[in-house]
Amino acid sequence: MVIVMKPGATSLQVQHVVDLVNEYGLKDHVIYGTDRTVVACIGDKRSVDKGAIENAPMVEKIVPILAPYKMASLEVKQDKSEIEIGPNKFPIGGNKVGVIAGPCAVESRDQLLRTADAVKAAGCIGIRGGAYKPRTSPYSFQGLGEEGLKILAEARDNTGLAIVTEVIGVEQLDVVVHYADVLQIGARNMQHYPLLEAAGKVNKPVMLKRGMSATLDEFLLAAEYIINGGNKQVILCERGIRTYEKYVRNTLPLSVVPALNDRTHLPVIVDPSHGTGHAYMIPQVSAAAVAVGDAGVIIHPLLDR
Ligand code: PEP
Ligand code: MN
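These numbers come from a predicted model, not from an experiment.

(A) Layout of the nonpolar core. By size, the foremost hydrophobic cluster in this structure holds 67 residues, and its most contacted members are L183, I185, L208, I226, V234, L236 and L260. Here the element with the most residues in this core is helix 7 (residues 216-228); it accounts for 7 residues. When we break this core down by domain, the ones giving at least three residues each are domain 1 (2-63) and domain 2 (83-299). Those residues within four positions of I226 in sequence are excluded, and the remaining contacts are I185, L196, A199, G200, V206, L208, N231 and V234.

(B) Just the site of ligand 1, in detail. Around ligand 1 sit C104, R128, K133, E166, Q184, G186, A187, R188, K209, R239 and H274, and that is every residue in its neighbourhood. Within the side chain of K209, a nitrogen or oxygen atom sits 2.9 Å from an oxygen atom of ligand 1. Out of a free accessible area of 300 Å², ligand 1 has 96% covered by protein chains. Class assignment of the residues belonging to the shell around ligand 1 gives a composition of 2 nonpolar, 3 polar and 6 charged.

(C) Molecular detail of helix 10 (residues 282-291). I282, V285, S286 and A289 are the residues of helix 10 that are buried. Projection of helix 10 onto a plane perpendicular to its axis shows the buried side chains occupying an angular sector of 105°, all on one side. Exposed residues lying more than 90 degrees from the buried face of helix 10 are P283, Q284 and A291. Next to the buried residues of helix 10 lie strand 13 (268-270), helix 9 (272-276) and strand 14 (296-299). Just past helix 10, the residue G293 takes up positive phi, approximately 105°.

About the thresholds
- Residues numbered from 1 in each chain as written.
- Chains lettered and ligands numbered in written order.
- Predicted model: local features only at pLDDT ≥ 70, side-chain atom pairs only at ≥ 80, totals over all residues.
- Heavy atoms only, no water.
- Core = buried A, V, L, I, M, F, W, Y, C linked by side-chain atoms within 4.5 Å.
- Buried < 20%, exposed > 50% of the residue type's maximum accessible area, 1.4 Å probe, protein only.
- Helix = DSSP H or I, 4+ residues; strand = E, 2+ residues; numbered from the N terminus.
- Domains from an automatic or database assignment.
- Contact = heavy atoms within 4.5 Å.
- Near = heavy atom within 4 Å.
- Polar contact = N/O pair within 3.5 Å; in protein donor to acceptor, adjacent residues only side chain to side chain.
- Areas by Shrake-Rupley, 256 points an atom, 1.4 Å probe, with all protein chains shown as cover.
- Nonpolar A, V, L, I, M, F, W, Y, C, P; charged D, E, K, R; others polar.
- Arc of directions from axis to C-beta.

Structure follows, in structure tokens:
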């Protein structure tokens, strides 16, 4: 349920409500909107005395949250979240579209620093590149590890771009948090619950990619794990789903963007590179993503035409 405070409620009055819900054994999440504050409560509500809460000073009303995902839902927070990334604090979900670009993997210092200069010159706001790669084959290049993160940090120092890089396990979380501006949780890890919980404990934005066979509700519930852990800075990324179709690497359902925007306050971005697998499609598909309301695109170079 959500306790909606009246406009102008003071922090002491909000704290009083938080103390009340904690007394009933519920976990609180206070969300400060543009004109009012709400206290979302998660837990078993059977023993809650709703009257006592409703009568607390400056409480306007109590409303149930019907969506299975609670903290991620628009029912809890009607205004869109803006998540600031990188040294220049670019607000993903604000009124500008941010483009993040870079290689799949950090392969060498030279490759990454030159790419970062080009990415910066093109007007992008972030550089992407994996230092830890979740590879389908154990024989593929697995990434440079911490050395790759150091190269990314050097690129950020040179350009001011935000670093977006993947964390593939709880073991790597601390080192990735140390260097990165945005932690990517990839499609293969969208339901890696211990990792989602651990990412909920850090104070860095997380870009969560949709699993290749995940439903929209599963996607939002995965985001809910991170928010429920305490980290509200979640960016959703649609990267295509697996279908029988072979002319693209994945089938990119752009209808997910308005569907998500209709259900969640979290910003949504699109990855047309994994979503199509073809360089020639990127400009048109990126434009289409923006047209359906996404907040940014994340691109990595593709060699074929
Ligand atoms: C990537 O971004 O390089 C990546 C592995 O993406 P995904 O998890 O979407 O496959
Ligand atoms: Mn890739």
